[in-house]
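For reference, the chains in residue letters:
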Amino acid sequence: MGRARVLEPVLHLVLFYESRLQDHHLVIPSVLQGLRALSMCEVLSPGLAVSVLKTIFQEVHVQSLLQLDRHTVYSIITNFMSTREEELKGLGADFTFGFIQVMDGEKDPRNLLVAFQIVRDLITKDYALGPFVEELFEVTSCYFPIDFTPPPNDPHGIQREDLILSLRAVLASTPQFAEFLLPLLIEKLDSELQSAKLDSLQTLTACCAIYGQKELQEFLPSLWSSLRREVFQTASEKIETECLAALHALSACLSRSVLSSDAEDLLDSFLSSILQDCRHHLCEPDMKLVWPSAKLLQAAAGASLRTYHRVTRSVLPLLLEQYTNHPQSSQRRTILEMLLGFLELQQKWGHVEEDESALLSLQAPVCSVVFSALTDPSVQLQLVGIKALTLLGSLQGFLSSSDLELVVDHLIRLSLHEEDSQSSEAAMEAAGSLAPIYPKVFSGHMVPRLEKELQSEREESSHSHCSLQQRCLQALAAVSTHTSIVRETVPVLLQHLQKVQKGSEAGNTRDMVSVCQSLHRVALQCQQDAEGCWYFHQTVVPCLLAMAVQAAMQESTHLLLGKALLEEEVLAAMVPVISAATTHLSPELAAQSVSHVISLFLDGEVSFLPQNSFPCSFQPFGDGECLEAQRRLVALLMAFVCSLPRNVAIPQQEWLLRELLALSCSCNCPFTATTAAKCFAGLVNKHPAGQQLDEILQLAVNRMEPGLAEGPCRTQALTLLLWVTKALVLRYHPLSSCLTDKLLGLLGDTELGPAAADGFSLLMAESPDVLHKGCHADVRIMFRQRFFTDNVPKLVQGFHGAGPDVKANYLKGLSHVLNHLPKPVLVTELPTLLSLLLEALSCSDRVVQLSTLNCLQPLLLEAPQIMSLHVDTLVTKFLNLTSSPTMAVRIAALRCAHALTCLPTPVLLPYKARVIRALAKPLDDKKRLVRKEAVAARGEWFLLGSPGR
């Protein structure tokens, strides 16, 4: 009873509004608004939706209404289609015809988006189209291709791409449109308009997803003719890409169709046409149609397994024959690159049965061609050969055991003896890619050969022998991509390091660094494999520590052997090895390892080290000058403890922190003091918040303050302040602002000011060995933005209040902060800071100049309107700095002069002649890199104001 009471007024309202649609046209908009409200009503009686729409179709000439009223009509239809679908379908094709009348002639993009969606729903929800398929196609296809440019400051935000995609969804929604759409697409492909061609090709690709042979059969010759013409003739990379995508889609569509026994195989005839038109061009590797033809064939071949077999059966033997017939390296390279393209397609289908695959039947000639490319004098042909070799190795079961041995021989020869470094590096990369697939072959053949070369004592010149050893080390690292191989290569590398340590040649330091670099590469390659990672860690870390401790003790007892191991350069190269070997350990294994290492450094416990019979005790934190060498090994402690996962407890941590603090403040060796400060900072950054952390930080502040005030250890105290500040800034610790204020205060110090200013770069930059996310440091998001907000106003204020002798320190600090700030943040702050940046360019400090130039260059590209207000100053200062005595400053100034051309042309034209004259001088600079930048910058200024720019 209650529902009837509701339905009756609604019925009367509907009938009232329907009758009003026959009134004067001025009433219509208000009536439509009422009907739209009713169309959203849930209690509408059955049949009323049909009645309303019939009345609208009969009584309202929709296209004579204003845009908003037309939009209301579309909204009414949309609402009814979503809630009264079955009722509307009862209208049959009359509903489709009525909507065609409503939409016919629509021009407003806002309405078109809704209208296109309605048409798509009509099709996808199976409304009856009846005899009106062509009319529905005509009423939508008249907008193809979309030609719409949104007006400036358009509040509706409708873009051309929105309309294109919406219309494409309609046109590609049903095979019923095929007979009308395909001729239209072919016609638009023949037009001169690039946008029309692109749209047609993308629409064709979309249609192929729902079409079958029946829809395509009549139009295939014309479609192929148009696609071939475009690929052969176009200068546009976009059009070529879309043509290839369309050909791929057509081939895939034909491959999907199920054939009846008496039906013509359209795929076979289509591929025959492609082969007939393209195959003969592959015989002309110097001609311009060779690559377009190869791309067309590869696009078709990549569509399905059927197309792949059909095309490769015809093409692969031809390419192999052409490789033999063309002796020139450049021609062979082109042919091999085409062959490589077809081989890459084989990977899509995985393992292929022997009787189906053209490639397996051509195994011997393919291998022969690839191996001949590897021995060719041309580096470019070698590089393509190495790519092909890697690809063949990845195809399961393709290479025989004898082929694999030959592969290893070639890779060793190229890695070690090929003069060109490109080929050598590519061969090493190939070995790394193939080693996990054939670990036994590489560990059984390649590793022993490399070990033998590494151990050989040659009589040739020391330089070439040294270069060969470098290559051996690099190759051993490159091939270590499988745990079984790592177990072979790591002992070889460590044995070589021990051999070098015992030597007395002058090049020991360089050799040790090379071994460490190879070990670092192996460590990185092991990180994702838990077994390999733990093997590497427990083998390499104790060995490196043992060698370093041995060398330090020999130094302490005045023996000269092993001294090179204590060089800063070597210890710095060992740090990333130990760090990379530690970061990915599981917490259980890390805890096992950390107890040994901490006991070594705090208690002198050496029992876990190999060859642990040392001449004296190990006391890196002890007093006395004779222990200076041992103290240097704190760098290795830093590498280990600062790379541990945060959830690993460090035994005796408070004692360790106190020892590191004391060492960093009192040690006279800058290397040791800095590494102790970094180690302290790394531990503090990960230390859980609480009383223990507060106490150790207070202790650090108490040690730093007197050290900074006066005395011989001011530099060490500043280094400690910088690293502790960085550790706290990264984790948003409350004490960080207090320490940053101390640092800001030091900018006014004549002795420490320049170093404190450089410290701002340390605070903002990514640290390579500690305090970065890779070693599990506590790094909060947007810490740079926060540091900028808190401290740049203080820097600016300090600059204005500073004396002339220390102003440069504030500018240097500011330029370092800005140089590391994300550019979108910097652009928003630019108006307030630009005057200071321009003043920084006048500073005599080269570091300030370089940092400021590096900061300004991206701003010229990203904020041209603001920068153009200061163009006179910028031009003058950039041109002055192109004569700087520092090469890096000259290069940066020329890059900025180049970037100036991104400013509005009318602003720059008055300076054009002056800049071109000034840039003539760096064209004769003694440094090639400077001349290169000068040529690029001057060329852009010459073209300024030219037509088409």
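Parameters and conventions
Residues numbered from 1 in each chain as written. Predicted model: local features only at pLDDT ≥ 70, side-chain atom pairs only at ≥ 80, totals over all residues. Heavy atoms only, no water. Helix = DSSP H or I, 4+ residues; strand = E, 2+ residues; numbered from the N terminus. Buried < 20%, exposed > 50% of the residue type's maximum accessible area, 1.4 Å probe, protein only. Contact = heavy atoms within 4.5 Å. Expected span 1.5 Å × (residues − 1). Phe/Tyr/Trp six-rings, centres within 6.5 Å; stacked < 30°, edge-to-face > 60°. Lys NZ or Arg CZ within 6 Å of the ring centre and 35° of its normal.

### Description of the side chain of Thr719
Then comes step 1: Residue placement: Thr719 occurs in helix H36 (residues 714-730).
Then comes step 2: Accessibility expressed as a relative area gives 19% for Thr719, which makes it buried.
Then comes step 3: Apart from residues no more than four positions distant in its own chain, Thr719 is found in contact with Thr674 and Ala677.

### Brief notes about the side chain of His496
Then comes step 1: Turning to its location among the elements, His496 is positioned in helix H26 (residues 483-502).
Then comes step 2: Residue classification places His496 among the buried residues on the basis of a relative accessible area of 6%.
Then comes step 3: Excluding its chain neighbours within four sequence positions, the residues that come into contact with His496 are Leu454, Gln469, Leu473 and Val515.

### Considering helix H9 (residues 160-171)
Then comes step 1: In a regular helix each residue adds 1.5 Å, so 12 residues correspond to 16 Å; H9 covers 17 Å between its end C-alpha atoms and thus fits that length.
Then comes step 2: Buried residues of H9: Leu163, Ile164, Ser166, Leu167, Arg168, Val170 and Leu171, and no others.
Then comes step 3: Packed against the buried residues of H9 are helix H7 (109-124), helix H8 (133-141), helix H10 (178-189) and helix H11 (194-207).

### Description of helix H38 (residues 753-764)
Then comes step 1: End to end, H38 covers 18 Å across 12 residues, agreeing with the expected 16 Å (1.5 Å per residue, within 8%).
Then comes step 2: For H38, the secondary structure elements touched by its buried residues are H36, helix H37 (735-746), helix H39 (783-801) and helix H40 (807-819).

### Points about the environment of Ser946
Then comes step 1: Among the secondary structure elements, Ser946 is positioned in the segment after helix H48 (928-943).
Then comes step 2: As a C-alpha pair, Ser946 and Thr905 span 41 residues in sequence and 9.9 Å in three-dimensional space.

### Quick look at the packing of aromatic side chains
Then comes step 1: Taken as a whole and judged by the stated rule, the model has 9 aromatic pairs.
Then comes step 2: Between Phe601 and Phe618, the aromatic rings sit 5.5 Å apart at their centres with planes inclined by 70°, giving edge-to-face as the arrangement. Linking Phe601 in helix H30 (residues 587-603) with Phe618 in the loop between H30 and helix H31 (628-631), this pair joins segments that are 17 residues apart in sequence. Neither residue differs from the other here; Phe601 and Phe618 are each classed as buried.
Then comes step 3: One aromatic cluster is present, built from ring pairs that chain together Phe57, Phe95 and Tyr127.
Then comes step 4: The side chain of Lys89 reaches across the aromatic face of Tyr127, ending 5.5 Å from its centre.
Then comes step 5: When the ring centre of Tyr732 is taken as origin, the NZ or CZ atom of Arg786, which lies over that ring, is 4.1 Å away.

Interpretation in functional terms is not warranted from these geometric data alone.
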